[in-house]
Amino acid sequence: TNRPDIIICGKALVEGRIALLLKKKFGIPFTICTYGMEIATWSRTARVKKQLEKVIHHADAVLHINNKTKQELLALGAPEEKLHVLYPGIDAEKLSVMNNPDDVLKKYGITPPYIICVARLVKRKGIDDLIQAFAKITVIPAPEPESRQSTAWIPGQARDDKLSLVIIGDGPERKTLEKLAKKINANVVFLGKISDEDIRALYSKATLFALTPKELPGDYEGFGIVYLEAGFFGLPVVGTKTGGVAQAIEDGTTGLLAEPGNTLSIQNTLQKMLSEPTLATQYGKAGKERVMHEFTWDTIINRLDIIIQNILI
């Protein structure tokens, strides 16, 4: 009476191996979720790779969140008809809850305009590249727009205020990054870990969001949920062409993608976004619409339900 209709495995291993045993014994179908670098990591060892291939072969559906992982799964012998893209989602109601933005700006001593970055401070996130690129930006003044929807600074708008880069998050690279910012005299503010309500308040007053991951051996950005969170607040976004970032950002529609590890490319991309206010506003609006149309949990759950129902037919 407690027999499930289907088993959904959070990861291909160990959960996938258990689900495979249950399928063989009880005939229960199962699906596995994949994310990014774990597939490449597991494929390095012959014994683990063989187990992974077995799980993938017997799974009734294999979910992935980026095209790079899809190609890795195909290389492992996954039938293309079993592969389904299922992106992570955002909780719009939760993201709407924030502390008073003006109070938060005062609390941390931040004055717009600023670029915001939210990330774990590890090498793969490419924060060093972002800081070096940011230090070389020269904002090109643009005419004051006739109408403004918020009190946030409009990209390209002439101001006396100095543009800053606000980095939220902590990690093993923080001290190194702080030293780098100081060495090159970059106007960077490191806030470390702060409350989600404060993060959302800072999103709401930011000029744009930037996170520029680089691809390390066997370690790449699986997706980048923070790009969606920034999009929810109508921010144009800047990322890099690595891992699943190209699925989180529609290059030339919701934001721009630079070359990973290339500070000049990142600098030029930031410069373009800052110096073209109409374009930046267009990207922010498109990002908001995309997030609300494609990435709410209701949408994601409906897509998963369709995949499951097709298995159970």
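Figured I'd write up the structure that's included with this text. (Residues numbered from 1 in each chain as written. Predicted model: local features only at pLDDT ≥ 70, side-chain atom pairs only at ≥ 80, totals over all residues. Heavy atoms only, no water.)

1. Focus on the overall build of the protein
Within the protein one finds 14 helices and 10 strands. Taking 2.2 N^0.38 as the reference for a compact globule, 313 residues should give roughly 20 Å; the C-alpha atoms of the protein span a radius of gyration of 21 Å, in line with that estimate. With the C-alpha coordinates of the protein rotated into their principal frame, the extents come out at 70 × 35 × 30 Å. Looking at the protein residue by residue over its 313 residues, the buried ones come to 51%. Relative to all contacts within the protein whose residues are 6 or more apart in sequence, the contacts with residues 24 or more apart total 70%. (Helix = DSSP H or I, 4+ residues; strand = E, 2+ residues; numbered from the N terminus. Rg over C-alpha atoms; globule rule 2.2 N^0.38 Å. Buried < 20%, exposed > 50% of the residue type's maximum accessible area, 1.4 Å probe, protein only. Contact = heavy atoms within 4.5 Å.)

2. Quick notes on the state of the cysteines
Counted according to the given criterion, the structure contains zero disulfides. Sulfur of Cys 33: no disulfide; nearest cysteine sulfur belongs to Cys 9 and is 7.7 Å away. (Disulfide = S-S within 2.5 Å.)

3. Concerning unusual backbone geometry
Residue Val 14 is bonded to the preceding Leu 13 through a cis peptide linkage, with omega at 5°. By the secondary structure assignment, Val 14 is in the loop between β1 (7-9) and α1 (15-26). Cis geometry is found at the peptide bond from Pro 112 to Pro 113, where omega equals 10°. Residues other than glycine seldom take positive phi values, yet Asn 185 does so here, at roughly 60°.

4. Here we look at the environment of Glu 259
The topology assignment puts Glu 259 in the loop between β10 (255-258) and α12 (263-275). Taking the C-alpha atoms as reference points, Glu 259 and Pro 213, 46 residues apart in sequence, are found 9.5 Å from one another. In contact with Glu 259, other than residues within four places in its own chain, are Thr 240, Lys 241, Ser 265 and Ile 266. Here the side chain of Glu 259 touches Lys 241 through a polar contact of 3.1 Å, side chain to side chain. (Polar contact = N/O pair within 3.5 Å; in protein donor to acceptor, adjacent residues only side chain to side chain.)

5. Here we look at the packing of aromatic side chains
By the definition in use, this model includes seven aromatic pairs. Ring centres 6.2 Å apart and planes at 45° place the aromatic pair Tyr 203 and Phe 209 in the tilted group. Comparing Tyr 203 with Phe 209, the two get one shared label, buried. Ring pairs connect the aromatic residues Tyr 203, Phe 209, Tyr 227, Phe 232 and Phe 233, which therefore count as one cluster. Looking at Lys 68, its charged tip hangs above the ring of Tyr 220, at a distance of 5.1 Å from the centre. A cation sits over an aromatic face here: Lys 288 above Phe 232, 3.7 Å from the ring centre. (Phe/Tyr/Trp six-rings, centres within 6.5 Å; stacked < 30°, edge-to-face > 60°. Lys NZ or Arg CZ within 6 Å of the ring centre and 35° of its normal.)

6. A few points about helix α14 (residues 297-312)
Along its 16 residues, α14 runs 22 Å from first to last C-alpha, staying within 8% of the 22 Å computed at 1.5 Å per residue. Within the span of α14, buried status applies to Thr 299, Ile 300, Ile 307 and Ile 308. Residues of α14 that are buried make contact with β1, β3 (61-64), β4 (83-85) and α13 (277-294). (Expected span 1.5 Å × (residues − 1).)

7. Comments concerning the sheet that holds strand β7 (residues 188-192)
What the six strands build is an open sheet, ordered β7-β6-β5-β8-β9-β10; its pairing is parallel. Here the strands that pair on one side only, and so sit at the sheet edges, are β7 and β10. Neighbouring strand axes in the sheet, compared pairwise and without regard to direction, differ in orientation by 25° on average. When strand β6 (residues 164-168) meets β7, the two strands line up parallel, connected through four bridges. Paired with Leu 165 across the two strands is Val 188, which belongs to β7. (Pairing = 2+ DSSP bridges. Axes fitted to C-alpha atoms, helices over the stretch in contact; angles between N-to-C directions.)

8. Description of the sheet that holds β3
Across the sheet, four strands lie side by side as β1-β2-β3-β4; this open sheet has parallel pairing. Single-partner strands in this sheet number two, and they are β1 and β4. Between one strand axis and the next, the sheet turns through 25° on average, direction left out of account. Note: β1 against strand β2 (residues 30-33), three bridges, orientation parallel. In the strand pairing of β2, Ile 7 is matched with Phe 30.

9. Here's the deal with the pairing of β10
What you see with β10 is no split at all: Gly 255 and Leu 257 on one side and Leu 256 and Ala 258 on the other are buried throughout. Looking at chain direction, strand β9 (residues 237-240) and β10 are connected through four bridges and run parallel. Considered in β10, the bridge of Val 237 is made with Gly 255.

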